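Notes for the structure review
What follows is each chain in one-letter form.
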Amino acid sequence: MATIRRRNGRYQAQVRKQHRPPVSRTFKRLSDARRWATSVEYEIEQGIFQNSPAPTFQTIAHLIDHYQTIINPADDPRHTLTSRLGTLKQHLGPIHLTQLRGSDLARYRDERLKTIKASTLARELSLLRCVFRVAREEWDVEIKNCPLDRFRVADARPARERRLEPGEEARLLRACSQARTPWLRPAVELALETAMRRGELLNARYEHLQKGLLSIPITKTGIPRTIPLTPRALTVIRALPRSISGYFLPTSANALRLSWERAKRRAMLEDLHFHDLRHEAISRFFEMGL
């Protein structure tokens, strides 16, 4: 019997037959998962199925290498995730899975904080936790008492609490409508409706949209998620000019940033960051009882 369940934005197919160990495999598309499950069931019934041996993992580098094989390069066009995985592999890759200690993570933290912010380091370690979690749940790798589960990075920066004052949203959207790029206003509207980060908005593709849900395979934290879209968000997306690139907003991060800065000046909102729109959206969700 075959079962298919969605996990972390992907589809895990598992086939169970009496007197045989279960076999499973993870796919990006549901159609591929169904096709594989049907094929495996047929081969088992015919007595010709040969299960490929599970990959063996000794070091953290082995985990990272295998994790990269399941990442769709099209989902990481700016190579952010690939770059972080490369950094983790460079510093922690040689360590055996059973020999990772808190002191190793502390050395990594101290070395990285010489060149990056604490928030960036926290995202790198969050990505490594994601790799370990996938290894446990999908590759049947036994990793016990991992210090990564308890290790945290404190960010000493004060939390930013900027929210839109009455009238500021209208001024901002009016200024965005005057921008030379047609992508700025929909980017701002979607940020306010979804709480998505700028990078996530720029990576969003039409293929990720299904039945009012938007899958976000590449996130700042490295952990995929799926979010429901409000009616206004869907209206904004449907009104966008369809690009052959497949992206909602086919523009570069730098072009969007420069356009945003000019719009802020026109709206006289110099103290507003694009990321503040995410905080505004989350605050509104909370106020609605979500």
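Criteria and thresholds
- Residues numbered from 1 in each chain as written.
- Predicted model: local features only at pLDDT ≥ 70, side-chain atom pairs only at ≥ 80, totals over all residues.
- Heavy atoms only, no water.
- Patch = residues over 30% accessible without salt bridge, like charges linked within 9 Å, V, L, I, M, F, W, Y side chains within 5 Å.
- Areas by Shrake-Rupley, 256 points an atom, 1.4 Å probe, with all protein chains shown as cover.
- Salt bridge = Lys/Arg side-chain N within 4 Å of Asp/Glu carboxyl O.
- Lys, Arg positive; Asp, Glu negative; His and termini not counted.
- Charge placed at Lys NZ, Arg CZ, Asp CG, Glu CD.
- Helix = DSSP H or I, 4+ residues; strand = E, 2+ residues; numbered from the N terminus.
- Buried < 20%, exposed > 50% of the residue type's maximum accessible area, 1.4 Å probe, protein only.
- Pairing = 2+ DSSP bridges.
- pLDDT = per-residue confidence, 0-100.
- Core = buried A, V, L, I, M, F, W, Y, C linked by side-chain atoms within 4.5 Å.
- Contact = heavy atoms within 4.5 Å.

Together, R180, R262, R265 and R266 line one region of the surface with positive charge. Examined against the element boundaries, R262 turns out to sit in helix 10 (residues 253-267). Owing to a relative accessible area of 33%, R262 belongs among the partly exposed residues under this scheme.

Below, the discussion takes up the pattern of salt bridges. Using the criterion set out here, one finds 21 salt bridges in the structure. As a salt-bridge pair, E111 and K114 come within 3.4 Å of each other at their nearest N and O atoms. The partner of R163 in a salt bridge is E280, with the nearest N and O atoms 3.1 Å apart. Of the two residues, R163 is situated in the loop between helix 5 (118-138) and helix 6 (168-177) and E280 in helix 11 (residues 275-287); the sequence distance between them amounts to 117 residues. A residue is classified by how much of its surface remains accessible, and R163, at 26% relative accessible area, is partly exposed. The buried category is assigned to E280, whose relative accessible area is 3%.

Here we take up the sheet that holds strand 6 (residues 225-228). Taken together, the three strands give an open sheet; going across it, the order is 4-5-6, and neighbouring strands pair in antiparallel fashion. Sheet topology places strand 4 (209-210) and strand 6 at the edges, where each strand pairs with a single neighbour. Pairing analysis gives two bridges linking strand 4 to strand 5 (residues 213-216), with the strands arranged antiparallel. The partner of Q210 across the bridge, within strand 5, is L213.

Moving on to the confidence of the model for the protein. When pLDDT is averaged across the protein, the result is 85; 89% of the residues are at 70 or more. Mean pLDDT per element in the protein: strand 3 (residues 23-27) is the minimum at 76, and helix 7 (residues 184-194) is the maximum at 96.

What follows is about unusual backbone geometry. Even without being a glycine, K211 presents a positive backbone phi close to 50 degrees. Relative to the helices and strands, K211 is located in the loop between strand 4 and strand 5. Here K211 falls in the exposed class, since its relative accessible area comes to 86%. The phi angle at M268 is positive, at roughly 60 degrees, despite the residue not being glycine. By the element assignment, M268 lies in the loop between helix 10 and helix 11.

Ranked by internal contacts, the top residues of the largest apolar core, which has 37 residues, are L172, L184, V188, F248, L249, W260 and L277. Only helix 6, helix 7, helix 8 (198-203), strand 5, helix 9 (231-239) and helix 10 provide two or more residues apiece to this core. It is helix 7 that provides the largest number of residues to this core, a total of six residues. Apart from residues no more than four positions distant in its own chain, L249 is found in contact with W183, P186, A187, L201, L202 and L240. By size, the runner-up hydrophobic cluster in this structure holds 31 residues, among which are I60, I116, V131 and V134.

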